[in-house]
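# Understanding the architecture of this molecule
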Amino acid sequence: MIFEVVTTTIFGAISLKAYRSKSGVGNDSKKINKIFALSGLNVKDGNQTLTAQQIKKRNYDWGVEYRYRIPLGRSFEDYLAKQKVIESGINTRSVKIKLKDFKELKLDRNIFSNIKSLYTKKLTDRKEIELSYDGMLIIRVYNEPLPKMVSFQEGKGWKVVFGATRNRNKLIFHDFEKSPHLCLGGATRYGKSNLINCIITSLIKQQPDNLKLHLIDLKAGVELCDYENVKQTVSIAYEPEEALKTLENAYNLMRKKQEILKRAGKKKVEDAGITERHFVIIDEVGELNPDEAVDKKDIWKDGILIHKSERTIKAECQKYMSQIARLGAGLGFRLILATQYGTGDIIPRQCKQNSDAKLCFRVQSGTASRVVLDTDGAEALPKIKGRAIYQMADERVIVQTPLITPEDIEKTITPYIVQKREVVTVEAPKQETGRNSIVITKTGLS
């Protein structure tokens, strides 16, 4: 009986293989070459047609990786712009069945029906692809899509979980000690504020005694107000005027730290054994764009500025952001800027240039993608909340970022909530000051 079932399975597999060969399904390599030709990616040089040359093909558990030499006259961006076309073409009746799939079948009298069901399932499964470039065009074809939901998980030290990758859903961590500054982008409701909450909650959980937060929530406080009264929050702002005070205060604290290190003969907080880290986090940095200010005229009286215009306030905010980005890394200050807008100098150039780490959710255009990542790609992401491109220097990977719930946040911050208090501000250090002396004044920010 067992022999008959096994024999039936083998012949069923052979029949299926023959059918697949006859129908031409499952051959992604040939499909990709045809897609290149039909989508205009080949190059005409007189009577000669230059095509992408396949150099290597390698099978993995997760799918297949193809490597191509791009023809003269084409760039990686040309192929990236056709990513949706390539993925759609590959998914045209695309089927790939492996031996391990047959191992999951029941060896009973319904074996043919089971094989047919397996084939139907594989036929309707949708593959996803990733494109990258390292001197050659790399196309990764994944047999299974990324999960659409990843639960919030804490990291360790100053490392925060940024999500799951396609490598067997392996978690990827961002280390703020190695890459202090981060730029976030993406269209509204795709996950920026959720990830900021993941970062803050994770850091409070992991470093409750060493974390200092300088929060600016320019969405009327709807995203970061939960952290207003936790002990880790130095200052929180909801309007541009408050944002200026928060940024100025953070900058002055940074300068004081600089003086302490100078006196100690150290260059970085790590060398001095300082465990405290300051995170300046701005949700919707686009609201601090001076070019979008309505009030653009300062008011002076007897040579004294008595009214700063909205434009001046926002310009000063960007000045402090740029200074923290340039000087803050070695002084224990980290800058996280998030925006949904995709045009102009929304993210100050100095901040962007000093941020090795960038993460972008889906956006509407290549232009918007380039604002955050300096390259296209985020506009081609699927319409899945939490799906993003995480970019570190020359490394680029698609991740499904974790989802944090209000219950996760409340459970973490409740032990650290303190009575509502006045915020202290620190004046800029003077040339002649006593060791570790600071000037403190009280404000009504909170």
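Reading the values: rules and limits
- Residues numbered from 1 in each chain as written.
- Predicted model: local features only at pLDDT ≥ 70, side-chain atom pairs only at ≥ 80, totals over all residues.
- Heavy atoms only, no water.
- Salt bridge = Lys/Arg side-chain N within 4 Å of Asp/Glu carboxyl O.
- Helix = DSSP H or I, 4+ residues; strand = E, 2+ residues; numbered from the N terminus.
- Buried < 20%, exposed > 50% of the residue type's maximum accessible area, 1.4 Å probe, protein only.
- Disulfide = S-S within 2.5 Å.
- Core = buried A, V, L, I, M, F, W, Y, C linked by side-chain atoms within 4.5 Å.
- Contact = heavy atoms within 4.5 Å.
- Axes fitted to C-alpha atoms, helices over the stretch in contact; angles between N-to-C directions.
- Parallel < 35°, antiparallel > 145°, perpendicular 65-115°, else oblique.
- Left-handed = near helix turned anticlockwise from the far one by under 90°.
- Nonpolar A, V, L, I, M, F, W, Y, C, P; charged D, E, K, R; others polar.
- Pairing = 2+ DSSP bridges.
- pLDDT = per-residue confidence, 0-100.
- Polar contact = N/O pair within 3.5 Å; in protein donor to acceptor, adjacent residues only side chain to side chain.

### Structural notes on the pattern of salt bridges
In total, this model carries 20 salt bridges according to the counting rule given. The partner of Lys127 in a salt bridge is Asp28, and the shortest N-O contact between them spans 2.9 Å. Here Lys127 is found in the loop between helix 6 (111-124) and strand 5 (128-133), whereas its partner Asp28 is found in helix 2 (residues 28-38), with 99 residues between them in sequence. On the basis of relative accessibility, which here comes to 6%, the residue Lys127 falls in the buried class. Between Arg334 and Glu177 there is a salt bridge, with the nearest N and O atoms lying 2.9 Å from each other. Linking Arg334 in strand 16 (residues 333-339) with Glu177 in the loop between strand 9 (171-175) and strand 10 (182-185), this pair joins segments that are 157 residues apart in sequence. Glu177 gets classed as partly exposed once you look at its relative accessible area, which sits at 25%. Salt bridges sharing common partners tie together Glu65, Arg67, Asp134 and Arg140.

### Comments concerning the state of the cysteines
One pass over the full model with this rule turns up zero disulfides. Cysteine Cys183 shares no disulfide, and the gap to the nearest cysteine sulfur, in Cys351, comes to 7.0 Å.

### Thoughts on the nonpolar core
If you look at the biggest cluster of nonpolar residues, it comprises 40 residues, and the most contacted ones within it are Phe162, Ile199, Ile200, Tyr227, Phe279 and Leu359. Per-element tally for this core: the top contributor is helix 7 (residues 192-206), with seven residues. With residues near it in sequence (within four places) discarded, Phe162 still touches Ile172, His174, Phe176, Leu182, Leu195, Ile199, Leu359, Tyr390, Val399, Gln400, Thr401 and Pro402. Ranked by size, the runner-up nonpolar core spans 32 residues in total, among them Tyr251, Val280, Ile324 and Phe333.

### Let's talk about the packing of helix 7 against helix 12 (residues 406-413)
Across the interface, helix 7 lies against helix 12 with an axial gap of 9 Å and an inter-helix angle of 30 degrees. One finds that helix 7 runs roughly parallel with respect to helix 12. Note that helix 7 runs across helix 12; the crossing there is left-handed. Along the contact surface, helix 7 presents Asn197, Thr201, Ile204 and Lys205, while helix 12 presents Asp408, Ile409, Thr412 and Ile413. In terms of residue class, the contact of helix 7 with helix 12 is made up of three nonpolar, three polar and two charged.

### Notes on the pairing of strand 17 (residues 357-361)
When you tally the buried positions in strand 17, you get five out of five residues, the bulk of the element. Across the two faces of strand 17 the burial is the same, with Ala357, Leu359 and Phe361 and Lys358 and Cys360 all buried. Where strand 10 meets strand 17, four bridges bridge the pair, whose relative direction is parallel. Bridged to Leu182 within strand 17 is Ala357. In terms of strand pairing, strand 17 meets strand 18 (residues 387-392) through five bridges, oriented antiparallel. Bridge pairing in strand 18 links Cys360 to Ile389.

### A few points about the confidence of the model for the protein
Atomic detail in the predicted coordinates should be set aside for any region of low pLDDT. Summary statistics for the protein give a mean pLDDT of 84 and a share of 80% for residues scoring 70 or more. When mean pLDDT is compared element by element in the protein, strand 11 (residues 211-217) scores highest at 98, while strand 22 (residues 440-443) scores lowest at 42. Low pLDDT, under 50, characterises residues 14-26; the stretch is placed with 17 contacts to residues that sit more than four places away or in other chains. Per-residue pLDDT stays below 50 along residues 432-446; that stretch engages in 33 contacts with residues further than four places along the chain or on separate chains.

### So, the environment of Leu171
Tracing the backbone shows Leu171 in strand 9. For Leu171 and Val399, which are 228 residues apart along the polypeptide, the C-alpha to C-alpha distance reads 8.8 Å. With sequence-adjacent residues up to four places away left out, Leu171 is seen in contact with Gln153, Val161, Gly163 and Ala164.

### Section: the side chain of Thr401
Inspection of the secondary structure puts Thr401 in the loop between strand 19 (395-400) and strand 20 (402-403). On the basis of relative accessibility, which here comes to 3%, the residue Thr401 falls in the buried class. Sequence-distant contacts of Thr401, defined by excluding residues within four places in its chain, comprise Val150, Phe162, Gly163, Leu359, Phe361, Gly386 and Ala388.

### Quick notes on the side chain of Arg67
Note on placement: Arg67 falls in strand 4 (residues 63-69). With relative accessibility at 18%, the residue Arg67 sits in the buried group. Polar contacts involving the side chain of Arg67 include one to the side chain of Asp134, which spans 2.6 Å. Filtering out sequence-adjacent residues up to four positions away, Arg67 remains in contact with Gln53, Gln54, Ile55, Lys56, Asp134, Met136, Leu137 and Ile138.

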